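If you want the building blocks of each chain, they are given just below.
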Amino acid sequence: MQASDFKVTLLGTGTPIPVLDRFGPSTLIEAGDQKLLIDAGRGASIRLHQLGVPIGRLDALFLTHYHSDHTVGIPDLWLTGWLQSYFGTRTEPLRVMGPDGAKTLMTHLEQAYALDVSIRIEDEKLPPRGAAIAVEEFSADGVVYENNGVKVIAFEVDHGDTIKPAYGYRVEYNGRAVVISGDTRFNRNVIKHGTGADLLIHEVAIARPALLAEPFIQRIMAHHTMPDEAGRVFAQTRPKLAAYTHLVFLASKLIPPATVDDLIRETRRTYHGPLVAGEDLMQFDICDVVTVRRFAGAGKADE
């Protein structure tokens with residue numbers, strides 16, 4: 001069977017917890033000749049290298065919001081992608097798109113790394129244009145990117161009363177669509193833009209009942225979608241395949257995290273369609289059916 005030219009790879013499915021099997025939130029979209037990245041959490045550049053994708057080959061980076069676990073990989077992506085070894089090779093500005101705040105973030109990163117950039121230009125003769133950053137901001141739902149048949153639509157989500165702005169994305173190509181919820185509580189806008197999607201990738205949080213009395217845990221859970229709520233989203237949007245990313249498995253020193261089996265079981269209370277718990281480097285081919293591929297050595301997820 002011929003490989004699809006519309007693919008999605010979960011580069012990182014984790015949280016701020018520094019673990020080896022789940023790097024920070026980041027998703028690669030490959031559609032036609034376009035390579036787009038949604039968020040750049042911890043280790044995004046390493047995952048791209050594992051896939052054999054030159055870090056400098058990305059056409060655009062899209063940001064969902066400004067929590068650090070979604071952005072700490074940006075300096076690595078930007079500056080390593082500029083190096084002229086085979087794993088970098090970017091000679092054009094890094095294109096960054098995000099809600100209001102993207103320009104502030106990227107301007108301060110340019111200031112923070114100005115000495116590194118100037119040294120490499122003089123010492124390694126790297127092209128200055130490759131270290132430049134082109135930022136575009138938006139402040140409302142709508143099309144934010146359109147190139148070579150690929151359309152990206154941003155839509156506002158609800159990550160909490162004070163965590164604003166926060167957005168999800170719908171990527172359309174060749175009559176098909178992939179939707180990424182971004183970090184959000186149960187939200188009708190995800191249902192609106194997720195309806196008719198071939199693949200709906202949603203965040204999720206789960207904690208064992210014994211943890212739910214802790215105020216800290218309550219605050220975290222209040223910013224995310226619980227499995228039965230995500231199931232309601234999937235049931236109403238009816239994607240060809242529903243998938244989880246940014247799996248928030250809360251725990252303490254005494255109480256272990258829930259398991260993937262727990263997550264699936266709770267989701268099945270409200271949704272009985274196709275479902276997969278994402279893992280790092282899991283890839284989806286978007287065709288008449290959505291095919292799931294696992295990267296050798298990346299671990300195995302329960303479905």
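What counts and what doesn't
Residues numbered from 1 in each chain as written. Predicted model: local features only at pLDDT ≥ 70, side-chain atom pairs only at ≥ 80, totals over all residues. Heavy atoms only, no water. Core = buried A, V, L, I, M, F, W, Y, C linked by side-chain atoms within 4.5 Å. Buried < 20%, exposed > 50% of the residue type's maximum accessible area, 1.4 Å probe, protein only. Helix = DSSP H or I, 4+ residues; strand = E, 2+ residues; numbered from the N terminus. Contact = heavy atoms within 4.5 Å. Pairing = 2+ DSSP bridges. Axes fitted to C-alpha atoms, helices over the stretch in contact; angles between N-to-C directions. Phe/Tyr/Trp six-rings, centres within 6.5 Å; stacked < 30°, edge-to-face > 60°. Lys NZ or Arg CZ within 6 Å of the ring centre and 35° of its normal. Salt bridge = Lys/Arg side-chain N within 4 Å of Asp/Glu carboxyl O. Parallel < 35°, antiparallel > 145°, perpendicular 65-115°, else oblique. Left-handed = near helix turned anticlockwise from the far one by under 90°.

Within an unreviewed UniProt entry, the label attached to the chain reads MBL fold metallo-hydrolase, and the organism entered is Bradyrhizobium australiense.

Caption draft 1: Spotlight on the nonpolar core. Residues Ile 29, Phe 62, Val 144, Leu 199 and Phe 284 are the most contacted members of the largest nonpolar core, which totals 31 residues. Looking at which element gives the most residues to this core, the answer is strand β9 (residues 167-173), with 4 residues. In this structure Phe 284 touches Phe 6, Lys 7, Val 8, Leu 10, Leu 199, Leu 241, Ala 243, Val 276, Val 290, Thr 291 and Val 292, once residues within four positions along its chain are discounted. Of all hydrophobic cores here, the second largest spans 25 residues; its members include Ile 55, Val 96, Leu 109 and Ala 131.

Caption draft 2: Quick look at the sheet that holds strand β1 (residues 6-12). Pairing within the open sheet is mixed, and its 8 strands lie in the order β6-β5-β4-β3-β2-β1-β14-β15. Edge strands, defined here as strands with exactly one partner in the open sheet, are β6 (133-138) and β15 (290-293). Strand-to-strand, the axes of this sheet are offset by a mean angle of 20°, without reference to chain direction. In this structure, strand β5 (residues 94-99) lies alongside β6, joined through 6 bridges in parallel fashion. Bridging from a neighbouring strand, Met 97 pairs with Glu 136 of β6. Sheet strands in contact with helix α1 (residues 44-51) are β1 and β2 (26-31), and its direction is about 135° off that of β1. Strands β5 and β6 of the sheet are contacted by helix α3 (residues 102-112), whose axis makes an angle of about 160° with β6.

Caption draft 3: Quick peek at the packing of aromatic side chains. Taken as a whole and assessed by the stated rule, the structure comprises 9 aromatic pairs. Their ring planes at 85° and their centres at 6.3 Å tell us that Phe 138 and Tyr 169 sit as a pair that is edge-to-face. One end of the pair, Phe 138, is in strand β6; the other, Tyr 169, is in strand β9, with 31 residues separating them in the sequence. For the pair formed by Phe 138 and Tyr 169, the shared burial category is buried. Seen from their ring centres, Phe 234 and Tyr 244 are 5.6 Å apart, and the 55° between their planes marks the pair as tilted. Here the residue Phe 234 occupies a position in helix α7 (residues 227-237), and Tyr 244 occupies one in strand β12 (residues 241-249), the gap between them amounting to 10 residues. The exposure class assigned to Phe 234 is buried, which follows from its relative accessible area of 0%. The aromatic ring of Phe 23 is capped on one face by Arg 47, whose charged end is 3.7 Å from the ring centroid. Above the ring of Phe 186, the side-chain terminus of Arg 232 is found at 4.1 Å from the ring centroid.

Caption draft 4: Examining the pattern of salt bridges more closely. All chains considered together, the criterion is met by 18 salt bridges. Put simply, Asp 158 and Arg 185 hold a salt bridge, and the shortest N to O gap is 3.1 Å. You can see Asp 158 sitting in the loop between β8 (150-156) and β9 and its partner Arg 185 sitting in the loop between β10 (176-180) and α5 (188-194), a full 27 residues away along the chain. Since its relative accessible area comes to 22%, Arg 185 is described here as partly exposed. What you see here is one network of salt bridges that share partners, running through Arg 176, Asp 198, Lys 240 and Asp 288.

Caption draft 5: Quick look at the sheet that holds strand β7 (residues 142-147). Spatial ordering of the open sheet is given by β7-β8-β9-β10-β11-β12-β13, a layout of 7 strands whose pairing is mixed. Each edge of the open sheet is held by one strand with a lone partner, namely β7 and β13 (275-277). Pairs of neighbouring strands in the sheet enclose a mean axial angle of 20°, with direction left out of account. With 7 bridges connecting them, strand β11 (residues 199-206) and β12 associate as parallel partners. The residue bridging Val 204 from the neighbouring strand is Leu 247, located in β12.

Caption draft 6: Region of the structure containing the packing of α7 against helix α8 (residues 260-267). It is the contact of α7 with α8, at a shortest axis distance of 7 Å, that shows an interaxial angle of 50°. By the angle between their directions, the pair α7 and α8 is classed as oblique. For the element pair α7 and α8, the recorded crossing hand is right-handed. Of the residues in α8, those touching α7 at Pro 227, Asp 228, Gly 231 and Phe 234 are Leu 263, Glu 266 and Thr 267.

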